[in-house]
Amino acid sequence: MNEQEVEKLLQKISNQKMFGETEKAIANLHILNNEFPKEKKYLALLASAYFDADSIDVAEEFCAKALEIDHDYPEAFELKGLIAEKKGDNELAEKYYKESISKETPFKMGYLRLVLLYYKLERYEDVIKEAEYLLANFDTNRNEYTAEDQRKIFAQWLSFAYNRLYSALIRTNKYEQAAEKVNEYVAFRSNYVKDPYQFLSEDEILFKLYYALNDNEKMKEIEEKMLTFYMVPEGIVASMKKDAEQGYLESANPDNYTV
């Protein structure tokens with residue numbers, strides 16, 4: 001199998017995984033592994049596919065095979081962490097994720113897994129620490145990427161990091177920092193989303209944050225945009241203010257929206 005054939009098969013496998021055709025992806029990954037039995041990447045991909053298929057024991061077997069070839073392979077440690085998390089062992093999952101980022105080559109997904117795990121466990125200060133490191137040290141020239149590459153990293157990791165970060169900042173009452181991160185998130189997304197009429201949940205969160213901060217200038221600016229550009233009814237804006245007064249900065253209190 002030559003390089004072009006491998007790339008074509010890997011693209012096919014990626015599409016199959018994306019559309020839930022896990023059994024077909026596994027079959028094609030076995031073809032790759034039979035062709036290249038000592039390639040750690042394909043062993044890890046096969047382990048990941050079995051994980052997606054809930055065949056946890058088999059996934060662990062292929063993880064072990066990948067680590068036999070490379071004892072420091074971060075992707076295998078990431079998957080071992082996912083398996084531990086699926087089994088409900090969050091402490092072990094954290095251990096494996098930390099192992100994945102302790103290697104010589106920086107491993108982006110290991111940091112993201114820690115962010116997601118810590119958020120689930122409501123360890124918000126740890127979320128802030130790891131998410132800020134992730135955003136500061138990976139894809140640092142992302143604003144110069146093509147629109148397609150920006151979409152790609154947004155879907156792969158950037159949106160998760162920003163979402164958890166500004167949420168953790170809100171939940172630890174760091175409203176000014178939260179607003180700053182929400183603005184960064186919106187600014188990056190606007191690089192490739194060109195629909196000016198798309199009202200984002202982040203617009204609502206920013207409005208509530210500025211209301212909670214008593215920042216009348218910025219709050220009025222967003223309020224004016226909502227009323228005249230997005231055509232949000234005045235009653236809904238008033239309800240958002242009630243939400244902010246009651247601490248509903250990331251969500252809505254249904255009682256505030258009843259007629």
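In the block above lies the structure referred to throughout.
Reference entry: report on the structure contained in this document. (Residues numbered from 1 in each chain as written. Predicted model: local features only at pLDDT ≥ 70, side-chain atom pairs only at ≥ 80, totals over all residues. Heavy atoms only, no water.)

## A closer look at the packing of aromatic side chains
Formally: Working definition: a ring pair exists when centres of Phe, Tyr or Trp rings (six-membered ring for Trp) sit within 6.5 Å. Plane angles under 30 degrees give stacked, over 60 give edge-to-face, the rest tilted. Runs of H or I in DSSP of at least four residues are treated as helices and runs of E of at least two as strands, each being numbered from the N terminus. Three exposure classes are used, based on accessible area relative to the maximum for each residue type with a 1.4 Å probe and protein chains only: buried under 20%, partly exposed in between, and exposed over 50%.
The full count for this structure, using the stated rule, is twelve aromatic pairs. Between Phe-154 and Tyr-192 the ring centres are 5.9 Å apart and the planes differ by 70°, which places this aromatic pair in the edge-to-face class. One end of the pair, Phe-154, is in helix H9 (residues 147–171); the other, Tyr-192, is in the loop between helix H10 (175–189) and helix H11 (201–212), and 38 residues separate them in sequence. Under the relative-accessibility criterion, Phe-154 is labelled buried at 12%.

## Details of the layout of surface pockets
In plain terms, the rule: In this analysis the probe radius is 1.4 Å and the grid spacing 1 Å, with only protein atoms considered; a cavity is a set of points the probe fits into but cannot get out of, a pocket is an open set with protein on both sides within 12 Å along at least five of seven lines, and lining residues have an atom within 4 Å of a point. Grid points are joined across faces, edges and corners, and a volume is the space filled by probe spheres set on the points. Each residue gets one label: Ala, Val, Leu, Ile, Met, Phe, Trp, Tyr, Cys and Pro are nonpolar, Asp, Glu, Lys and Arg are charged, and the others, such as Gly, are polar.
The space that makes up the largest pocket amounts to roughly 1,000 Å³. Lining the largest pocket are 24 residues; nearest its centre among them are Lys-17, Leu-45, Ser-48, Met-109 and Gln-156. Among the secondary structure elements, those contributing two or more residues to the lining of the largest pocket are helix H1 (3–18), helix H3 (40–52), helix H5 (74–86), helix H7 (108–120) and H9. No other element matches H1, which puts six residues into the lining of the largest pocket. Across the lining of the largest pocket, the residue classes break down as twelve nonpolar, four polar and eight charged.

## Regarding the pattern of salt bridges
It is possible for side chains of opposite charge to pair when their charged atoms get near one another. The following threshold applies: Counted as salt bridges are all cases of a side-chain nitrogen of Lys or Arg within 4 Å of a carboxyl oxygen of Asp or Glu.
Going through the model one piece at a time under the given rule, you end up with 21 salt bridges. Across the pair Arg-113 and Glu-78 runs a salt bridge, and its minimum N-O distance is 2.8 Å. Taken together, the positions of Arg-113 in helix H7 and Glu-78 in helix H5 put the pair 35 residues apart, joining distant regions of the chain. Residue Asp-139 is joined to Lys-108 by a salt bridge in which the shortest nitrogen-to-oxygen separation is 3.1 Å. You can see Asp-139 sitting in the loop between helix H8 (124–137) and H9 and its partner Lys-108 sitting in helix H7, a full 31 residues away along the chain. Per residue, the accessibility class of Asp-139 equals that of Lys-108, and both read buried. One salt-bridge network, in which partners are shared between bridges, spans Glu-94, Lys-98, Arg-123 and Asp-126.

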